[in-house]
Amino acid sequence: MSMPSLAGAARRAPLPMILMAMLFPVFMAFAYPGSYLSAMLEPAPDHMQLAVVESTKDAPQIAQQLQAEGGDAVDVTTVADTAAAKTAVTDLEARAAYDPSNGSLYVATAGGAQATSAAQSIFDEVAQKTDQTLHVKDLRGTTAADSTGTGFMYMLTACLVAGYVTATMLTSVARGVRLPVKLAVQVLMSVVAGVLTAGVCFGFYGVYDHHLVGAALIGGALFLTASVVQLGFAGLLGQASTLVGISLFVILGVPASGVAATPDMLPGFFRVLHRLLPSGAGGELLRRVLYFDAHGIGTWVLLLVTWLLVGAGLVWLGTLRSPSADPATSVVTEEREHLRAHPEGGMFTAYDEAQDRTEHAPQAPRHRAPEEGLA
């Protein structure tokens, strides 16, 4: 399209459409900090799983008293012995386990440094009341380059955002491309995303040195899931899919991933989202693969696969729409046909020629009522 045509289109754009377009950055400016701050500004234990070893006769009473004082902040259970306590911690079934016979506290910092610190504070008070000195034993520590245990959050975020952007770009600049080609591009790009993000974390910065293949596979799966779901939204919702996708994967998804703040330190709303969104599945998969020998990943793999199937279903529903329902598609089709008929011309000339004919066409004379017979 020529520059005068672009300028004319800009002049003809109605003010309400411009104002509607500006609602998106306004929404981002409000929702982005609002979501992150509400989830992570003041983290506090909420139904944190704690355990007490039944190594003394007073252990059940200690557990009951701790539950009564903690209320909804903690869920306290008892375990039979030290081995069961360690298993509960390393299987991420308990945030911490306390042995009242010797004051030992078993934790796994890799499961969330912030939550581990909160649990340690709770049992420090318990130890003081029972005249014990707390001895913290970290069963799963973080790597030297990932002291907070959150380094993989950037890998997760990169793959989700890249998948969302890929689908958005395919929808915007490749409208005439057939669906199988788009899906093939998404699969190829998921491999690239998994390799690149894992390469940056493992190779360039050396954050991790084990489970490279597993982390790359998870990154690729996150990319593909986000991309397919967003492609489905775009086929059904059009431009509104941009708002839906960025809310699902970034504004709500990243805080609900459970990485920066673990689920037992999140408010109830985000704790529920953690169990439902693909970002929650990605956060759990990466943490468990990188630090906990892939224990308990079955549920989270199922959640990610479910989202991928949902995305495929949305894409299929989008194909049921009539092509004429998308005006942008009809414009591309019209231009393609014009280019075939006039190969010497360029793209977007049909619009210019039609506009020129409209602007320069002689106007038909207005019909005047015959004067004969008028008094």
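Residues numbered from 1 in each chain as written. Predicted model: local features only at pLDDT ≥ 70, side-chain atom pairs only at ≥ 80, totals over all residues. Heavy atoms only, no water.

The protein is annotated in an unreviewed UniProt entry as ABC transporter permease of Brachybacterium kimchii. Listed in UniProt under the heading Subcellular location (unreviewed entry), the comment for the protein reads: "Membrane". (UniProt positions renumbered as here; feature names shortened; annotations may be inferred.)

Novice: Can you walk me through the overall build of the protein in this structure?
Specialist: Secondary structure assignment for the protein yields 14 helices and 5 strands. Per-residue burial over the protein gives 40% buried out of 375 residues. (Helix = DSSP H or I, 4+ residues; strand = E, 2+ residues; numbered from the N terminus. Buried < 20%, exposed > 50% of the residue type's maximum accessible area, 1.4 Å probe, protein only.)

Novice: Is there a simple way to explain the pattern of salt bridges in this structure?
Specialist: When charged atoms on two side chains of opposite charge get close, those side chains can pair. Summed over all chains, the structure comprises 5 salt bridges. The partner of Lys 129 in a salt bridge is Glu 69, and the shortest N-O contact between them spans 3.2 Å. Here Lys 129 is found in helix α5 (residues 113–129), whereas its partner Glu 69 is found in helix α3 (residues 59–70), with 60 residues between them in sequence. On the accessibility criterion, Lys 129 (54% relative accessible area) is exposed. Across the pair Asp 293 and Arg 140 runs a salt bridge whose closest N-O atoms are separated by 3.3 Å. With Asp 293 in the loop between α11 (278–291) and α12 (298–319) and Arg 140 in the loop between β5 (135–138) and α6 (152–173), this pair connects stretches of sequence that are 153 residues apart. For Arg 140, a relative accessible area of 26% puts it in the partly exposed group. (Salt bridge = Lys/Arg side-chain N within 4 Å of Asp/Glu carboxyl O.)

Novice: For this particular structure, what's the right way to read the nonpolar core?
Specialist: Burial of nonpolar side chains together is a common tendency in soluble globular proteins. In this structure, Phe 202, Tyr 208, Leu 222, Leu 248, Phe 249, Leu 286 and Leu 290 are the most contacted members of the largest nonpolar core, which totals 60 residues. What Leu 286 contacts, discounting residues up to four positions off in sequence, is Phe 152, Met 155, Leu 156, Ala 215 and Ile 218. Ranked by size, the runner-up nonpolar core spans 22 residues in total, among them Met 48, Ile 62, Leu 66 and Ala 96. (Core = buried A, V, L, I, M, F, W, Y, C linked by side-chain atoms within 4.5 Å. Contact = heavy atoms within 4.5 Å.)

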